Amino acid sequence: MTEQLRNQFQDKARRRLAKRATVALVLLLPIAGVAPSRQESFASLAQASLAQIDGQVALRGVRDSVQVIRDRWGVPHIYARNIDDLFFAQGFVQAQDRLWQMEMYRRTYEGTLSEIMGPDFIRHDRLARLVKFRGPWDDREWKHYHPEGRRIFDAFAAGVNAFITQAGDRLPVEFKMTGIRPQPWTADVALLRTQTAMPTGDANAELALARSVMRLGVDSANRAARPSPYRDLVVPSGVDLSVITEEVAAALAGMRTGVVRPELLPQYRALGGSSPSENTGVQENSPGSNNWVVSGRLTASGKVIVANDPHRNVSNPSIRYIVHLNAPGWDVIGATEAALPGVAIGHNGRIAWGLTIVGTDQSDVYVEEVNPASRNQVRFRGAWEPLRIVRDTIKVKGAASTVVEQKFSRHGPVFHEDTVHHKAYAMRSTMHLPGNAGYISALRYHSLDDCQQFLAAQSYTLAPTENMICGDRGGNIAWQASAASPKRPNWHGRLPVPGTGEYEWDGLRSDLPRELNPERGWIATANHDIHPTGYDPPLFFKDGPQDARYRRIAEVLTSKTGFSIADMEALQHDAYSAAAARDLPLFRGWTSANAEVERARALLAAWDAQHRRESAAPVIYRAVAAALPAEARAEGTAANQRRALIETAITSGLTAVRKAQGDDPAQWRWGRNNTSQLPHSLVRAFDIAPVERHGGAGFVAAVGATYREIIDLGNLDASMVTNAPGQSGQPGSPFYSNLVESYGRGAYFPMTYSRTAVERAAAHRLTLRPAP
């Protein structure tokens, strides 16, 4: 990007920021049917709760002055003189913007929701506590993520607590509305095994397949599962699948990881806009993410480009938070999650990296044989051994505390006991091994110089299961399917196994698939089956190959050379449907005497099969395709008959579109089918307006991509990024919803990195200094 273009871009961005700050305030003004005075109470409450982002703050715990420069997009660039202050400041800044989100995250995965939500959440809390990591809390855990791990986690927690203290009665508005006080942050919160690093889904899949085997038989159940890669299904010796009831299968299904909605205090319940909105927008169901790295011989600049768009549900606030960390030995920028220190996805000035879920099977269900004479003993290799028992107390809002008894076998937590058949079901999982907290091992990447070092560092990347890609300034590109991957010597891990000693892990695998500088000049992953030819035993079994997004990415990356940043932006927002493209010839080479049908036919004939938000063609195509009979696509169908079938389908499709989107064709557009909603978790007064988007389920431009990065290793300040709806979770902040409009358009903003670029984009400056 030339200096002139960059200045023009920044001038426009400045004007947009001013406009969006106004929009953010408008969100807090009266809405239809709500009395102004009532609605303004929410507005004033929000304004009074905003964190200080300019000036100076004196804090206990910071050793030297720290500069926090927020750029005009809301990204904080933290400049510290030592590692302790760097992570103290990161904890402080992320708490400023996201403390409510952090507190709900913590309570969800620590299992303390009942304390604020009441008895309905006891089941969740019990299960969260049962499956959580319980140690050892020693160097095997703390130092796995970084040699200075404990120091980093302590500093981050101290920064969060410093904000809680400094904020006083100006905590984020959600705390005021609910009367909840945030608990003091501790170093171990960052190491909670959370959603993507909590592979209970693998155990659930085993139980579901076991039930399917009993209904359908082994071969039919295997065909119905469509395993990719395909292997014959073998029932482990010594396990009775017939006793695995629905009750067993449901035992691991009690986790509630969605939106948490504590009750408002009485003085706020009667205010207009106090009830929450449900999120009825499109949801992420790809599932997964995209990443790719392109070697310099295929790019216009001759330098490597790394692109990544991890997918999770679109939410308010975003699950991800962009931050820049600069101190001696550290200069990393990219995305983390609000409760986590460091940068999980981004670059350090020398290498850039990204991730997508691999799907490695990290858990197994063990059916323990219980001693009929003692329910707290199970058999292992011919002898009875005791279960470990932990008693815990769950505090419950509005009710007496509940004491729970948790049991653990050598394999892991016991999640169900069958007293009739004398069985206990335990889950063995990598999440209970040291070093398996999600994303935190990326702390080690700040010091890496090239992709060879990156591959070596993957021995520390255990969770979640990630396709880790790398590009470096020397021109190298690399990939590894990183994860703690159990070595199962005599079974594939698809069905429960007896816990009596015949089916035991033999450590973790070290033969994980990887590539370094492949001849094709690019690497891409999209949650597809990544097993190389001949790789055995498999790391996982997907439900079908799930390779549509990967095939489209590969098609584009093999179509040309001279790729630019703009090309990467276009590919991240690619909404091409191969199925639609195959049908488009049906609408070409003929005309209809019916004017309405002809207009629709001509529109489809000229369409490029891209699902753009402003386009009517994909809306019409979807409705017409649903009405097309198989004969219309069959090769042997006569031309006149085919045409008649297509005209009938168009007529039927147009009727369906009118029913869904109204009678005015000027208002028909794909974005109405693909709208993301951004409700506030507690009150609709703070909802962000819905945004229509390109793409959707199954496309490269999937629903759940909120954070996107495109990193130019030849010009780091030309790297581009998105995050939505904004960096701040605080209603009324200029950074609460400022990124939504550009997000809907598929636009990006610069990932400013050099100090010169950061200073040029600076919007707010905060100095943290030691308290006297």
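Residues numbered from 1 in each chain as written. Predicted model: local features only at pLDDT ≥ 70, side-chain atom pairs only at ≥ 80, totals over all residues. Heavy atoms only, no water.

Enquirer: How should I be thinking about the overall build of the chain in this particular structure?
Expert: When its secondary structure is counted, the chain shows 22 helices and 29 strands. Its C-alpha atoms give the chain a radius of gyration of 27 Å, near enough to 28 Å, the size a compact globule of 772 residues would have. With respect to the principal axes defined by its C-alpha atoms, the chain has extents near 85 × 75 × 60 Å. Residue burial in the chain is summarised as follows: out of 772 residues, 59% are buried. At a minimum sequence separation of 6, the contacts of the chain that also span at least 24 residues come to 72%. Measuring between centres, the 88 positive side-chain charges of the chain sit 3 Å from its 79 negative side-chain charges. (Helix = DSSP H or I, 4+ residues; strand = E, 2+ residues; numbered from the N terminus. Rg over C-alpha atoms; globule rule 2.2 N^0.38 Å. Buried < 20%, exposed > 50% of the residue type's maximum accessible area, 1.4 Å probe, protein only. Contact = heavy atoms within 4.5 Å. Lys, Arg positive; Asp, Glu negative; His and termini not counted. Charge placed at Lys NZ, Arg CZ, Asp CG, Glu CD.)

Enquirer: Can you help me understand the packing of helix H17 (residues 595–605) against helix H18 (residues 617–627) in this one?
Expert: Contact geometry of H17 with H18 gives a least axis separation of 10 Å together with a crossing angle of 110°. By the angle between their directions, the pair H17 and H18 is classed as roughly perpendicular. For the pair formed by H17 and H18, the contact residues are Ala 600, Leu 603 and Leu 604 on the first element and Ala 617, Ile 620 and Tyr 621 on the second. Split into classes, the residues belonging to the contact of H17 with H18 amount to six nonpolar, no polar and no charged. (Axes fitted to C-alpha atoms, helices over the stretch in contact; angles between N-to-C directions. Parallel < 35°, antiparallel > 145°, perpendicular 65-115°, else oblique. Nonpolar A, V, L, I, M, F, W, Y, C, P; charged D, E, K, R; others polar.)

Enquirer: Sorry if this is basic, but what is going on with the nonpolar core here?
Expert: Nonpolar side chains in soluble globular proteins tend to end up buried together. Counting residues in each nonpolar core, the largest one holds 159 residues, and the members touching the most others are Phe 153, Met 177 and Phe 415. Examining the composition of this core, we find that 14 residues originate from one element, helix H3 (residues 83–110), more than from any other. Setting aside its immediate chain neighbours within four residues, Phe 415 contacts Leu 130, Leu 207, Val 248, Ala 251, Leu 252, Val 365, Tyr 425, Ala 426 and Met 427. Listed in part, the 30 residues of the second largest apolar core include Trp 607, Ile 620, Ala 625 and Ala 632. (Core = buried A, V, L, I, M, F, W, Y, C linked by side-chain atoms within 4.5 Å.)

Enquirer: Mind showing me how you'd approach the packing of aromatic side chains here?
Expert: For the coordinates displayed, the defined rule picks out 16 aromatic pairs. Summarising the aromatic geometry, the rings of Phe 87 and Trp 330 are spaced 5.1 Å apart at their centres and angled 80° between planes, so their arrangement reads as edge-to-face. One end of the pair, Phe 87, is in helix H3; the other, Trp 330, is in strand S8 (residues 330–337), and 243 residues separate them in sequence. Grouping residues by exposure puts Phe 87 and Trp 330 together as buried. A centroid spacing of 5.5 Å and a plane angle of 40° characterise the contact between Trp 607 and Tyr 621, whose relative ring orientation is tilted. Of this pair, Trp 607 sits in the loop between H17 and H18 while Tyr 621 sits in helix H18, placing them 14 residues apart in sequence. These aromatic residues form a ring-pair network of at least three members: Phe 133, Trp 137, Trp 142, Tyr 145 and Phe 153. Between the NZ or CZ atom of Arg 72 and the centre of the ring of Trp 73, over which it lies, the distance is 5.5 Å. (Phe/Tyr/Trp six-rings, centres within 6.5 Å; stacked < 30°, edge-to-face > 60°. Lys NZ or Arg CZ within 6 Å of the ring centre and 35° of its normal.)

Enquirer: I would appreciate a short explanation of the sheet that holds strand S22 (residues 522–525) in the present structure.
Expert: By way of backbone hydrogen bonds, the strands of a sheet pair with one another, either parallel or antiparallel. Read across the sheet, six strands follow the order S22-S5-S6-S26-S27-S28 without closing on themselves; strand pairing throughout is antiparallel. With one partner strand each, in any of the chains shown, S22 and strand S28 (749–750) form the two edges of the open sheet. The pairing of strand S5 (residues 290–294) with strand S6 (residues 305–309) spans five bridges and is antiparallel. Considered in S6, the bridge of Val 293 is made with Val 306. Relative to S22, helix H14 (residues 548–557) is tilted by about 160°, and along the sheet it contacts S5 and S22. Along the sheet, helix H15 (residues 565–572) contacts S5, S6, strand S26 (708–712) and strand S27 (720–722); its crossing angle with S26, the most-contacted strand, is approximately 160°. (Pairing = 2+ DSSP bridges.)

Enquirer: I keep staring at the packing of H3 against helix H7 (residues 149–167) and nothing clicks. Help me out?
Expert: Pairs of packed helices are described in terms of their axes, by the angle between the two and the distance that separates them. The geometry of H3 relative to H7 is characterised by a closest axis approach of 6 Å and an angle of 50° between their N-to-C directions. Classed by the angle they form, the pair H3 and H7 counts as oblique. Of the two elements, H3 crosses H7, and the hand of that crossing is right-handed. Residues Ile 83, Asp 84, Phe 87, Phe 88, Gln 90, Gly 91, Phe 92, Gln 94, Ala 95, Gln 96, Leu 99 and Met 102 of H3 form the contact with H7, whose own contacting residues are Arg 151, Ile 152, Ala 155, Phe 156, Ala 158, Gly 159, Val 160, Ala 162, Phe 163, Ile 164 and Gln 166. By residue class, the composition of the contact of H3 with H7 is 15 nonpolar, six polar and two charged. (Left-handed = near helix turned anticlockwise from the far one by under 90°.)

Enquirer: What should I look at first to understand the pattern of salt bridges in this one?
Expert: A side chain of one charge can pair with a side chain of the opposite charge when the charged atoms of the two come close. Taken as a whole and assessed by the stated rule, the structure comprises 42 salt bridges. Here Glu 417 and Arg 375 are joined by a salt bridge, their closest N and O atoms 3.5 Å apart. With Glu 417 in strand S16 (residues 412–418) and Arg 375 in strand S12 (residues 374–380), this pair connects stretches of sequence that are 42 residues apart. With a relative accessible area of 30%, Glu 417 lands in the partly exposed category. (Salt bridge = Lys/Arg side-chain N within 4 Å of Asp/Glu carboxyl O.)

Enquirer: Whenever I open this one, the state of the cysteines confuses me. Can you help?
Expert: Formally, a disulfide is one covalent bond, and it connects the sulfur atom of one cysteine to the sulfur atom of another. Going through the model one piece at a time under the given rule, you end up with one disulfide. Shown here is the disulfide that connects Cys 451 with Cys 470, its sulfur atoms set 2.3 Å apart. What sets the handedness of the Cys 451 and Cys 470 disulfide is the S-S torsion sign, and at about -90° it is left-handed. One end of the pair, Cys 451, is in helix H13 (residues 451–457); the other, Cys 470, is in strand S18 (residues 466–472), with 19 residues separating them in the sequence. A relative accessible area of 0% places Cys 451 in the buried class. (Disulfide = S-S within 2.5 Å.)

Enquirer: Which parts of the structure should I look at to understand the sheet that holds strand S2 (residues 66–71)?
Expert: As summarised here, the arrangement of the eleven strands in space is S1-S29-S2-S3-S7-S8-S9-S10-S18-S19-S21, forming an open sheet in which the pairing is mixed. If you trace the sheet from one side to the other, it starts and ends with strand S1 (55–59) and strand S21 (514–516), each paired once. Along the sheet, successive strands turn relative to each other by an average axial angle of 20°, direction set aside. Across three bridges, strand S19 (residues 477–482) lies against S21 in antiparallel orientation. Bridging across to S21, Gln 480 finds its partner in Arg 514. Strands S1, S2, strand S3 (76–79), strand S7 (320–327), S8 and strand S29 (762–770) of the sheet are contacted by H3, whose axis makes an angle of about 170° with S7.

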